[in-house]
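Listed below, chain by chain, are the residues.
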Amino acid sequence: MRDHVDADAKPEDQEQGDADGEADEDERGGSGHSPKGLKRARVNAEGDSRPTGGTSKIERVTLPRDVDGYVPGSIVRIKLENFLTYDWVEFSPGPYLNMILGPNGTGKSSIACAICLGLNFPPALLNRAQDVKSFVKSDKEKGYIEIELKGERKKGNIVIRRTLEAANKKSNFFINDRKCSAADVSTEVERLNVQVNNLCTFLPQDRVAEFARMTPQQLLRETQRAAGSPNLSNWHDTLIGSGKELRQIQERVNEDREQLNNLEGRNAELQKQVKLYQERQTLEKRIELLSVIVPFTSYYEARDKYYAMKPVYRKITDDLKDMQARHAPYTAMQQALVEEVRKCEATRDALKRATKARVNAMTTKWAENDPLEREAESIKNRLDNLKKQDKQRQSDIKKYERMIDEGTKRLAEPLDMEDVEELTKQLKELNLKHRDIKERNFDIQEAQKQVAQKYGQCQAAVDGLTRQISQLDSVKHQKLQNLAKTESDAAAVVEWLRSNRHRFKMEVFEPAALSVNVPNRHYADAVEACFSFAQLRTFVCQCLEDYKTLNRVCVDTPEALGRTVRINTWYLPVDMNRLAPPPASPEDLRALGFDGYAIDFIDCPEGLKGYLYAEVKLHRTAIAVQNPRAVDGNRAMHMAEQANGANYIIGRLMNQVRRSNYGQRLAQNSTREIPQARSLVGTVVDPAVKRQLQEKLSESQSNMEVVRQEEQELAAKEKQVRADERDYRAEFGISGTEAEHVVSLVSPVLTLTVSAEEDKTKLDKLKKAPPVDQERARLKQQMLTLANKRVTLIRAYASLRRALITDYEAATKAGLEAAQVLAKKSALEVKCQEQKEELERATANWAEMRQKYTKAKEETLTRLQFSKDKLSESSDETKEKFKVMDEANEVVARSSEEWMAELAQCEEELNLNTCTNGGIVDQYNRRKVEIERLTETIEERERRAAHIDGQITAAREHWQPALERLVESIGKKFSGAFDRIGCAGEIRIREDEDYEKWAIDIMVKFRDSEKLQLLTGERQSGGERSLTTILYLMSLTEEARAPFSLVDEINQGMDQRAERAVHNALVEVTCQADSGQYFLITPKLLPDLRYHERMRILCVNNGEWLPDTDSPGMGNLNGLIDKFLFKRNGGQAAA
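Note that this is a predicted model, so its numbers are computed, not measured.

J.: Just checking my understanding: could you explain the overall build of the protein for this structure?
T.: From N to C terminus, the protein includes 24 helices and 24 strands. Considering the protein as a whole, with its 1135 residues, one finds that 41% of them fall into the buried category. The contacts of the protein with a sequence gap of at least 6 include a subset with a gap of at least 24, amounting to 75%. Entry remark: accessible area of the protein is about 64,700 Å², with carbon and sulfur atoms responsible for 49%.

Now the structure itself:
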């Protein structure tokens, strides 16, 4: 029997215009019934906002259509041999709608089976036999299926042949007559996007009911595979897989985090004790290390001192030896010179004595000659003057005789005057009286000078005592005296500073003990308690230049005081805005009961406040003195705690609040009683000293009063003397004229009388002189006698002189020799004395250095042994740490005092730490390791979760908009199709947190009294399910990506109205220019259905006998149609 399919008939489409009009009307009305007609705007991949409503159209995603109308992957030809009902058949479907018609049992569904098996899809998709061999025609051993698929543009078609054998399940595949594997066929088919395994694109007859029974989730996945973006399924799979993984990771993270919180909570309870224990261990190890470092540091310092002294000691020793060696020759030479000097001096002294004796003899002779010589000279002069004297004597005799005669004549003349005796007597009395006045005036002036001197001395004593008493009452002076008692250097610098302020650029403030005053004595004790001893005695500079100057002239050099001093100096640029603020505002402080801050109760220079704020912190020390009971100690402590530590004084108790450096940094309060102020107030004056000064002052004032009285008495006496002087002058004025007249008359007479007497005496003397010849002879004889004596003396003197010259030569020579030796000895003695003093100093220095050197050596050895003992007693870890520190020079980087201070601090901290349980540390560390491991696991999983969440977000951003557009497009057509048949239908997306549960719900309503209900395999009838299925598939057709789709007998169970509407809609959808290939298999058709020129009718002519194709008219479907139309039109040919 031969099967035949005739596909040549193409009926005219008289109703094409009506169909187009109905399609336009359906598109216009469909948007009003679409459940997704209006959607919110969604941001696309480019960032633009566009609506996703019903106006969007999903563009078909298929391979480019060729010029013959076929889409790559569509079926161009099918050829079967010995397959089910066919012995052999070959036909060519069209590129659009292909309606396969034929009675039941003719082999329509066999074509669907051939397409499925020929393209290497499993038989299970057909819901028939499970084995391929079952599809070989009965009583045949083998057969084949050959399907020609449209190839890509400009490439040939793909012919796939599959051979079948009835005896076994084996099949052979060929592509373009080339044998290949089944996988090659599947790859080629998949490349062309053929989806026979998708019920939305390939619905065999036996699986029509399965479509309605598909779950909404399955329907979503099959729809994604059939239409829309080709990545929809991949995105969905990514979302499902990533979502499951993300949920699993999040569940594990939550479990791990709960466990982590539990472990952390338990460890948090132990953390404080563990920290204390670790701190104690650290302190113990540190103390052990410091116990080694301290003696070694002390040893290093002693060793360095010893090493530094060693070369000095050796040099001093060598220098002393060298000095002794250098001085030895000088000492021997000095002894030799001493002996030589002694001998020379003995010789010189003997010669000097002999010479001295001769000189004495010569001196005697010379002394004897001197009077003789003078006498001879005198006689000679007298001889020479005898003649002159005689002439002069004669002339003088005549002169005196003449003068005597003249005087006698004048005295003989009488005087014309009264008796002057009375006047002379008066003048004598006045002169005596005037002399007495002068003597009295002189005595008074001398007494006044003595009184003035006494008064000045008394006044100076009174001023000095008054100044001393005022200084006792001066607070500033008292403070300076107090400072001098404790810090003499600071007091000396203060006095120097007061006289040398011009040497500084800005004011240098004296120590706070002098420059800070407390006006209210009640607060002096509290304010002074805020200062340390050094702070009260610190000089404060306002600029760095003055700071350097003060230290240079006073501390570093003796320029200022002639000696260097030790004083405290301070300079620091102070930014008041960066200082710690007071613990509380003034209002809050008074509310707590305090009187104020210490800074409020002092007077000081403005520039000094920076030091008081930054260094002494007076602005952070609260004081309550007036009413200390009004202060609540707890509230005051809380205030200090809130300020991270502060000081406050209540009554006479100083509270110092500090926060601990360990643990929870709890506040700690230390208290002490404040002493009486000594520096900021003046000392009490000793009454005995003040009384003694006052007694001396009273005595001096009394003495000054006595002197003042004496001065007044002398002034009265002086006044009386001046009055007597005036009286004398008045009396002398009366008698003066008369006295002057008497004197003018008497004086010449008296003068002549006296002159006459004198001239007579001289004349007598001249006349009585001896004669000149006698005198000359006598003088010559005297001259001869004197000459003889002198000759004798000169001869003796000459002899002595010659002997003296000889002695002088010998003595001079001996003296020169002695002087030379003595000079050498003196020079050598000076040198030796210098060397001796130098040697004595060197010896003393060497002895002192030896003592220090020996002591340093012994101390170094002692400290070394002690350090070794300490090191040997320490642990290996401490030894290793000490070795590392020692090699890195960290041990010697700090002094032993600094290390000892740190050791003392560590020991004090260790005494405060009482945590000694080491088991909790092991427990804490084990749990900490587990926490770290769990934290790493959580972080890793959270990173993985974030990465997966990013993948989900990225996939959903692509998948959900594309899916919504696809479902919206399908739903619009689906609702429109139901509207045209008088029913209602919607396509909805059901969302869920689990992407695997996302679904497409098909909602239908076939009666007006019903509501929209979900399509299921049980709720609707078979016809309703078929109608819903074909309408959904038809709505999906325009969006389909598969090159062809197939539906087998989907119209079974429909009434005529529904079947006609479905048919017309199917023709409209599948015969558009961009529609894909579509196969509709049906056993029957209604009359007067709508046809389209792009559709192809394939009629299956199958039976026991068929005429040959060569018989005229047999198998010509077009001829049969023409014959039918001819008869229907009454014998007229069709137009």
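J.: What am I meant to see in a nonpolar patch on the surface here?
T.: A contiguous nonpolar surface patch, about 240 Å² in accessible area, is contributed by Leu572, Val574 and Met576. You can see Val574 is positioned in the loop between β13 (568-570) and α14 (586-591).

J.: What's the story with the sheet that holds strand β17 (residues 653-659) in this structure? I'm lost.
T.: Pairing in this open sheet of five strands is mixed, and the strands run β14-β15-β16-β17-β18 from one edge to the other. Looking along the sheet, the strands with just one partner apiece sit at the ends: β14 (596-597) and β18 (667-673). As judged from the two bridges shared by β14 and strand β15 (residues 621-624), these two strands associate in the antiparallel manner. Counted as the bridge partner of Gly596 is Ile623 from β15. Contacts between helix α16 (residues 633-642) and the sheet are confined to β16 (646-650), β17 and β18, with β16 contributing the most and set at about 160° to the helix.

J.: So what exactly am I meant to see when it comes to the packing of aromatic side chains here?
T.: To describe a pair of aromatic rings, you give the distance between the ring centres and the angle between the ring planes. Throughout the structure, instances matching the rule amount to 14 aromatic pairs. Between Tyr547 and Tyr571 the ring centres are 6.4 Å apart and the planes differ by 40°, which places this aromatic pair in the tilted class. Here Tyr547 is found in helix α13 (residues 544-556), whereas its partner Tyr571 is found in the loop between β13 and α14, with 24 residues between them in sequence. Linked through ring pairs, Phe296, Tyr299, Tyr300 and Phe882 together constitute an aromatic cluster. The aromatic ring of Tyr144 is capped on one face by Arg161, whose charged end is 4.1 Å from the ring centroid. The lysine or arginine in question, Arg1094, covers the ring of Tyr96, its NZ or CZ lying 5.5 Å from the ring centre.

J.: Is there a simple way to think about helix α20 (residues 896-912) in this case?
T.: Since there are 3.6 residues in each turn of an α-helix, residues three or four apart along the chain are aligned in direction. Given a rise of 1.5 Å per residue, 17 residues ought to cover 24 Å, and the 24 Å separating the end C-alpha atoms of α20 matches this to within 8%. Taken together, the buried positions of α20 are occupied by Ser896, Trp899, Glu902, Leu903, Cys906, Glu909 and Leu910. Here the buried residues of α20 occupy an arc of 150° about the axis, which is enough to place them on one side. Facing away from the buried side of α20 by more than 90 degrees, the exposed set consists of Glu897, Glu908, Asn911 and Leu912.

J.: How should the sheet that holds strand β9 (residues 171-175) be read in this particular structure?
T.: Whenever strands of a sheet pair, they do so through backbone hydrogen bonds, lying parallel or antiparallel. Reading across from one edge, β5-β4-β7-β8-β9-β10 is the order of the six strands in this open sheet, with antiparallel pairing throughout. Of all strands in the sheet, those with a lone pairing partner are β5 (86-91) and β10 (178-180), marking the two edges. The mean inter-strand angle of the sheet, taken between neighbouring strand axes irrespective of direction, is 20°. Taken strand by strand, helix α2 (residues 108-118) contacts β4 (75-83), β5, β7 (142-149), β8 (158-165) and β9, and its axis lies near 105° from that of β4.

J.: Any chance you could explain the nonpolar core here in plain terms?
T.: The tendency in soluble globular proteins is for nonpolar side chains to be buried side by side. Judged by nonpolar contacts, the single largest core of 67 residues is most densely connected at Trp959, Leu1027, Leu1031 and Tyr1032. Among the elements that take part in this core, helix α21 (residues 919-980) stands out by supplying 16 residues, more than any other. Membership of the second largest hydrophobic core comes to 48 residues, among which are Phe509, Leu536, Phe594 and Ala677.

J.: Would you take a moment to explain the pattern of salt bridges for this structure?
T.: When the charged atoms of two side chains with opposite charge come close together, those side chains can pair. Here the structure, examined in full by the defined rule, presents 29 salt bridges. Between Arg77 and Glu148 there is a salt bridge, with the nearest N and O atoms lying 2.9 Å from each other. One end of the pair, Arg77, is in strand β4; the other, Glu148, is in strand β7, and 71 residues separate them in sequence. The class of Arg77 is buried, set by a relative accessible area of 14%. Take Glu148: its relative accessible area is 15%, and that puts it in the buried class.

J.: Even after reading the chapter, I still don't get the environment of Glu829, so can you show me in this structure?
T.: Position of Glu829 among the secondary structure elements: in helix α18 (residues 772-873). On the basis of relative accessibility, which here comes to 29%, the residue Glu829 falls in the partly exposed class. With 499 residues separating them in the primary sequence, Glu829 and Tyr330 have C-alpha atoms 9.0 Å apart.

J.: Which parts of the structure should I look at to understand a negative patch on the surface?
T.: Among the surface-exposed residues, Glu834, Glu837, Glu838 and Glu840 lie close enough to one another that they form a single negatively charged patch. When you line up the elements, Glu838 lands in helix α18. Exposure remark for Glu838: the relative accessible area of 33% places this residue in the partly exposed category.

J.: Which parts of the structure should I look at to understand the side chain of Lys150?
T.: Relative to the helices and strands, Lys150 resides in the loop between β7 and β8. Those residues in contact with Lys150, other than ones at most four positions away along the chain, are Asp66, Asp68, Tyr70, Val71, Pro72, Gly73, Ser74, Val76, Asn157 and Leu192.

J.: In this structure, what is going on with the environment of Tyr853? I would like to understand it.
T.: As for its position among the elements, Tyr853 is in helix α18. Spatially, the C-alpha atom of Tyr853 lies 9.3 Å from that of Val312, the residues being 541 residues apart in sequence. Apart from residues lying up to four places away in sequence, Tyr853 is in contact with Tyr306, Met309, Lys310 and Tyr313.

J.: Would you mind going over helix α15 (residues 609-616) with me for this structure?
T.: Every buried residue belonging to α15 is among Gly610, Tyr611, Leu612, Ala614 and Val616, and all of these are buried. Structurally, α15 contributes buried residues whose contacts are with α12 (533-536), β12 (538-540) and β13. Once α15 finishes, Lys617 follows within two positions and takes phi at roughly 60°, a positive value.

Reading guide: rules and limits
- Residues numbered from 1 in each chain as written.
- Predicted model: local features only at pLDDT ≥ 70, side-chain atom pairs only at ≥ 80, totals over all residues.
- Heavy atoms only, no water.
- Helix = DSSP H or I, 4+ residues; strand = E, 2+ residues; numbered from the N terminus.
- Buried < 20%, exposed > 50% of the residue type's maximum accessible area, 1.4 Å probe, protein only.
- Contact = heavy atoms within 4.5 Å.
- Areas by Shrake-Rupley, 256 points an atom, 1.4 Å probe, with all protein chains shown as cover.
- Patch = residues over 30% accessible without salt bridge, like charges linked within 9 Å, V, L, I, M, F, W, Y side chains within 5 Å.
- Salt bridge = Lys/Arg side-chain N within 4 Å of Asp/Glu carboxyl O.
- Pairing = 2+ DSSP bridges.
- Axes fitted to C-alpha atoms, helices over the stretch in contact; angles between N-to-C directions.
- Phe/Tyr/Trp six-rings, centres within 6.5 Å; stacked < 30°, edge-to-face > 60°.
- Lys NZ or Arg CZ within 6 Å of the ring centre and 35° of its normal.
- Expected span 1.5 Å × (residues − 1).
- Arc of directions from axis to C-beta.
- Core = buried A, V, L, I, M, F, W, Y, C linked by side-chain atoms within 4.5 Å.
- Lys, Arg positive; Asp, Glu negative; His and termini not counted.
- Charge placed at Lys NZ, Arg CZ, Asp CG, Glu CD.

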